[in-house]
Amino acid sequence: MTTSRYKRLPGRGLTWGGPSRVWLGDDHVLLVLTRGYSETYRRFFFNDIQGVVVRRTHIGKIWNAVWASFLAFFGVLALVVNSGPGSIILACIAAPFGVALFVNMALGPTCAFHIRTAVQTERLPAVSRVRAANKFIARIEPLIIAAQGELPGDQLVADLIARQVAQRGPSVNAPPVIGS
Amino acid sequence: MSAQILCTECSSPVPSAYFNAQVFAACPSCNASILVRAFPALFRPPQQGQVGERITDAGQAACFYHPNKTAHVPCEACGRFICALCDVELHGQHLCPACIESGRRKGALTTLESRRVLWDNIALSVAVLPIATVFLWFFSIVTSPAAIVLAIVGWRKPGSIAPRGKWRFVLAIVFALIVMGGWGVGIYFLVTRAGEFE
């Protein structure tokens, strides 16, 4: 078995198809998508990762609203109903929604995490919280830098601009170059 | 793909000033809150694929798959001479396409595997589902032994690439044994008490 070479990375997500996790390999990040009775794998090699994009989403707030509304509904109902056993039953129904709300708030804001390589930009459903995303980046960034080398900030911007200008070609508004 | 990173909300290019910032910033196009990390690979020119050189001298070794191209390196698995076009470098090894395909099919090259069957999930489902669905409980007389067989067969098969314990197999066997025990007790009582009802 080759299981020992992977270490767990922060993040655990749930997609419509099933759960998703990310693992740290020797030279790559492994995305595991469980689909019932099989697993599919995507590998992102440190040498190929061009960038990561974390975007805050509103999913966490939506779930907060859902859990809070259920909690409020059953909570208020438990207070309004005068009978002792009825109130207790309604409070017991409200309690799991309160726990879900607390857990969702404790996990923090949600996000969409994407890894970009030369041929794809892939979302990692396993990294769905900002806190997990920050931990994930902190864990893999040194490994990517070790594989690719460090890029000084100034060179980063200069290279990008030079490349973008080269791709677009000379601007039509630019004055003609004499002698070319 | 060009050397730019796109906002994952609106797909517009993210300004380079946003790269490697320590805090989230609003996308200038859609106002989505984004954090971008860029790495040197973003600015690397795309690698050119190699083409095999044509044989110019009669004494030159030829590629096994392309007889008119010069041999570049021997395959480290089968020893066949291969040209630069056929040479696939994997974890520092030079392999030919046939060995890559063979290794992938046999599961010897785990790096190339993109899917695996989870036998533990199958065994556990076969054991538990007939009982969990309640109205299909009588199928458990067949599914329980089947779950044990599946667990025993699947135990040796390659499981998940990522770390994953064997507890689902154990749970499937234990659950199936309990159900089979229940069936045994039920049948025993049915047989021994059958005379009392007559």
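Above this text you will find the structure in question.
Just so you know, these numbers come straight off a predicted model, no measurement behind them.

Participant: Give me the overall build of chain A: which residues, what numbers.
Facilitator: The helix and strand tally for chain A stands at four helices and seven strands. Shown N-terminal to C-terminal, the secondary structure of chain A runs as helices and strands in the order β-β-β-β-β-α-α-β-β-α-α. Buried positions account for 38% of the 180 residues belonging to chain A.

Participant: Can you tell me about the interface of chain A and chain B, naming the residues and giving the values?
Facilitator: With 51 residues of chain A in contact, the opposing surface of chain B contributes 46 residues. Summed over the shared surface of chain A and chain B, the number is three salt bridges. Across the pair Glu141 of chain A and Arg37 of chain B runs a salt bridge whose closest N-O atoms are separated by 3.0 Å. The tally of links from chain A across to chain B stands at 19 residue pairs in polar contact (both at pLDDT 80 or more).

Participant: Run through the packing of aromatic side chains, naming residues and quoting values.
Facilitator: According to the stated counting rule, one finds twelve aromatic pairs over all chains in the structure shown. Ring geometry for Phe70 of chain A and Phe97 of chain A: centres 4.8 Å apart, planes at 15 degrees, overall stacked. Taken together, the positions of Phe70 of chain A in helix 1 (residues 59–80) and Phe97 of chain A in helix 2 (residues 84–107) put the pair 27 residues apart, joining distant regions of the chain. Exposure remark for Phe70 of chain A: the relative accessible area of 37% places this residue in the partly exposed category. Among the residues examined, Phe97 of chain A registers a relative accessible area of 18% and is labelled buried. Ring geometry for Phe113 of chain A and Phe136 of chain A: centres 4.9 Å apart, planes at 75 degrees, overall edge-to-face. Taken together, the residues span a long stretch of sequence, with Phe113 of chain A in strand 6 (residues 111–116) and Phe136 of chain A in helix 3 (residues 130–148) at a distance of 23 residues. Residue Phe113 of chain A shares its accessibility class with Phe136 of chain A, and that shared class is buried. Each residue in the set Trp63, Trp67, Phe70, Phe73, Phe74 and Phe97 of chain A is aromatic and connected to the rest through ring pairs, giving one cluster. Over the aromatic face of Trp23 of chain A sits the side chain of Arg21 of chain A, whose NZ or CZ is 5.7 Å from the ring centroid. Looking at Arg56 of chain A, its charged tip hangs above the ring of Phe24 of chain B, at a distance of 4.4 Å from the centre.

Participant: I'd like a description of the sheet that holds strand 6 of chain A, backed by residues and values.
Facilitator: Read across the open sheet, the five strands follow the order 7(A)-6(A)-5(A)-2(B)-1(B); overall the sheet is antiparallel. Sheet topology places strand 7 (121–123) of chain A together with strand 1 (25–26) of chain B at the edges, where each strand pairs with a single neighbour. The sheet strands contacting helix 3 of chain A are strand 5 (51–56) and strand 6 of chain A together with strand 2 (33–38) of chain B, and the helix crosses strand 6 of chain A at an angle near 25 degrees.

Participant: Could you give an account of unusual backbone geometry, with specific residues and numbers?
Facilitator: Residue and element names in this part refer to chain B. In this structure, Ser11 takes a positive phi of about 65 degrees despite not being glycine. With respect to the helices and strands, the residue Ser11 is situated in the segment before strand 1. The backbone phi angle of Asn20 is positive, close to 60 degrees, even though this residue is not glycine. Tracing the backbone shows Asn20 in the segment before strand 1. A relative accessible area of 27% places Asn20 in the partly exposed class.

Participant: With reference to specific residues and values, describe the pattern of salt bridges.
Facilitator: Summed over the entire model, instances satisfying the criterion amount to ten salt bridges over all chains. Counted as one network, the salt bridges with shared partners bring together Glu39 of chain A together with Asp120, Arg164 and Arg168 of chain B.

Participant: Before we move on, can you summarise the nonpolar core with the specific residues and values?
Facilitator: All names here are of chain A. Among the nonpolar cores identified, the biggest contains 27 residues, and Val22, Phe113, Leu124 and Phe136 are the most heavily contacted of them. For this core, the secondary-structure elements that each account for two or more residues are strand 2 (19–24), strand 3 (28–35), strand 5, strand 6 and helix 3. Here this core takes seven residues from helix 3, the largest share from any one element. The contact partners of Phe113, leaving out residues within four places of it in the chain, are Val52, Val53, Val54, Glu122, Arg123, Leu124, Val127, Ala133, Phe136 and Ile137.

Participant: Would you mind going over the environment of Ala91 of chain A in detail, with residue names and values included?
Facilitator: In this fold, Ala91 of chain A is placed in helix 2. It is 5.7 Å that separates the C-alpha atoms of Ala91 of chain A and Ala78 of chain A, two residues lying 13 residues apart in sequence.

Participant: Explain helix 3 of chain A to me, and be specific about the residues and the numbers.
Facilitator: An ideal rise of 1.5 Å per residue puts 27 Å on 19 residues; helix 3 of chain A measures up with 25 Å between its terminal C-alpha atoms. Along its length, helix 3 of chain A reaches its greatest deviation from straightness, about 30 degrees, at Ile140 of chain A, and the proline Pro142 of chain A lies no more than four positions downstream. By the burial criterion, the buried members of helix 3 of chain A are Val130, Ala132, Ala133, Phe136, Ile137, Ile140, Ile144 and Gln148 of chain A. Those residues of helix 3 of chain A that are buried lie in contact with strand 1 (7–14), strand 2, strand 3, strand 5 and strand 6 of chain A together with strand 2 of chain B. In the segment just after helix 3 of chain A, Gly149 of chain A is the residue with positive phi, at about 95 degrees.

Participant: Residues and numbers for the packing of helix 3 (residues 140–156) of chain B against helix 4 (residues 167–192) of chain B, please.
Facilitator: Residues and elements named next belong to chain B. Two elements in contact, helix 3 and helix 4, have axes whose closest approach is 9 Å; the angle formed by their N-to-C orientations is 150 degrees. With respect to helix 4, the element helix 3 is oriented roughly antiparallel. Handedness of the helix 3/helix 4 crossing: left-handed. Mapping the contact onto sequence places Ser140, Ile141, Ser144, Pro145, Ala147, Ile148, Leu150, Ala151, Gly154 and Trp155 in helix 3 and Phe169, Val170, Ile173, Ala176, Leu177, Val179, Met180, Trp183 and Ile187 in helix 4. Residue composition of the contact of helix 3 with helix 4, by class: 16 nonpolar, three polar and no charged.

Definitions and limits used
Residues numbered from 1 in each chain as written. Chains lettered and ligands numbered in written order. Predicted model: local features only at pLDDT ≥ 70, side-chain atom pairs only at ≥ 80, totals over all residues. Heavy atoms only, no water. Helix = DSSP H or I, 4+ residues; strand = E, 2+ residues; numbered from the N terminus. Buried < 20%, exposed > 50% of the residue type's maximum accessible area, 1.4 Å probe, protein only. Contact = heavy atoms within 4.5 Å. Salt bridge = Lys/Arg side-chain N within 4 Å of Asp/Glu carboxyl O. Polar contact = N/O pair within 3.5 Å; in protein donor to acceptor, adjacent residues only side chain to side chain. Phe/Tyr/Trp six-rings, centres within 6.5 Å; stacked < 30°, edge-to-face > 60°. Lys NZ or Arg CZ within 6 Å of the ring centre and 35° of its normal. Pairing = 2+ DSSP bridges. Axes fitted to C-alpha atoms, helices over the stretch in contact; angles between N-to-C directions. Core = buried A, V, L, I, M, F, W, Y, C linked by side-chain atoms within 4.5 Å. Expected span 1.5 Å × (residues − 1). Bend = angle between axes of the 7 residues up to and from the residue. Parallel < 35°, antiparallel > 145°, perpendicular 65-115°, else oblique. Left-handed = near helix turned anticlockwise from the far one by under 90°. Nonpolar A, V, L, I, M, F, W, Y, C, P; charged D, E, K, R; others polar.

Function cannot be read off these values alone, since they describe shape.
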